Amino acid sequence: METAPRPTEIRRIGNSEVRIAWNDGHVSVYPNHHLRNHCPCALCRERPPHVLPVVSGSGDELQPLQISLVGRYAIHIQWSDGHDSGIYSYATLRAACPCCSGTGVSPPRESA
Ligand SMILES: [Zn+2]
Ligand SMILES: [Zn+2]
């Protein structure tokens, strides 16, 4: 699987977003809840996304506590709500890029 793009940099932006720079020059910015809704683990796939316990209260933002590399193909995210079984392959991450989703809908800009 040499065709999948690879991240060259993974960085948390404040408490609400994760930025990933890819080796093909693209930069993806994922709101935390967006990443969480795309969690590929079996637990999350068994239910529709809107049932996911997305935390939206102020002062209690859902955020990745730890992001670690898994082998050469994926990252593992430990969330502030205790969920830590999601392993996101690079291909999954890239497919979930908000600006590349192909829907033509831009994500709302909330950054100050
Ligand atoms: Zn999950
Ligand atoms: Zn994109």
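Residues numbered from 1 in each chain as written. Chains lettered and ligands numbered in written order. Predicted model: local features only at pLDDT ≥ 70, side-chain atom pairs only at ≥ 80, totals over all residues.

Topic: the sheet that holds strand β3 (residues 27-31)
Item 1. Read from one edge to the other, the open sheet built from three strands follows the order β1-β2-β3, with strand pairing classed as antiparallel. In this open sheet, the two edge strands, each paired with only one partner strand, are β1 (7-13) and β3. Neighbour to neighbour, the strand axes of the sheet diverge by 15° on average, direction disregarded. (Pairing = 2+ DSSP bridges. Helix = DSSP H or I, 4+ residues; strand = E, 2+ residues; numbered from the N terminus. Axes fitted to C-alpha atoms, helices over the stretch in contact; angles between N-to-C directions.)

Observations concerning the nonpolar core
Soluble globular proteins: nonpolar side chains tend toward being buried together.
Item 1. Within the largest apolar cluster, eight residues are counted, these being V18, I20, Y30, L35, I75, I77, Y88 and L93.
Item 2. Looking at this core, the elements that each hand over two or more residues are β2 (17-22) and β5 (74-79). (Core = buried A, V, L, I, M, F, W, Y, C linked by C-beta atoms within 7 Å. Buried ≥ 20, exposed ≤ 12 C-beta atoms within 10 Å, placed from the backbone.)

Overview of the sheet that holds strand β4 (residues 64-70)
In a beta sheet, neighbouring strands pair by backbone hydrogen bonds and run either parallel or antiparallel.
Item 1. If you walk across this open sheet you meet the three strands as β4-β5-β6, and the pairing is antiparallel. The open sheet has two free edges, formed respectively by β4 and β6 (86-89), since each of these has just one partner strand. The sheet shows a mean angle of 25° between the axes of neighbouring strands, taken without regard to direction.
Item 2. Across six bridges, the pairing between β4 and β5 is antiparallel. Residue pairing in the sheet places P64 in a bridge with W79 of β5.

What to know about the environment of S16
Item 1. By the secondary structure assignment, S16 is in the loop between β1 and β2.
Item 2. Residue classification places S16 among the partly exposed residues on the basis of 15 C-beta atoms within 10 Å.
Item 3. Residues in contact with S16, not counting those within four places in the same chain, are P31, N32 and E61. (Contact = placed C-beta atoms within 7 Å.)

Things to note about the confidence of the model for the protein
Item 1. Counting all residues, the mean pLDDT for the protein is 83, and 75% of those residues have values of 70 or more.
Item 2. The lowest-confidence element of the protein is helix α2 (residues 42-45), averaging 88 in pLDDT; the highest-confidence one is β2, averaging 97. (pLDDT = per-residue confidence, 0-100.)

As for the pairing of β2
Item 1. In terms of strand pairing, β1 meets β2 through six bridges, oriented antiparallel. Paired with E9 across the bridge in β2 is A21.
Item 2. Between the antiparallel neighbours β1 and β2 lie three residues, among them G14 with a positive phi of about 60°.
Item 3. As paired elements, β2 and β3 share five bridges and run antiparallel to each other.

Thoughts on the pairing of β5
Item 1. If you look at the hairpin formed by β4 and β5, you'll find three residues sitting between the two strands, and G71 has a positive phi there, around 55°.
Item 2. Relative to β6, β5 runs antiparallel, the two being bridged by four bridges. Within β6, the residue paired with I75 across the bridge is Y88.
Item 3. The hairpin formed by β5 and β6 contains six residues between the paired strands, and G82 there has a positive phi angle of roughly 95°.

Comments concerning the environment of S89
Item 1. The topology assignment puts S89 in strand β6.
Item 2. With 19 residues separating them along the chain, S89 and V70 place their C-alpha atoms 8.6 Å apart.
Item 3. Setting aside anything within four residues of it in sequence, one finds S89 in contact with Y73 and A74.

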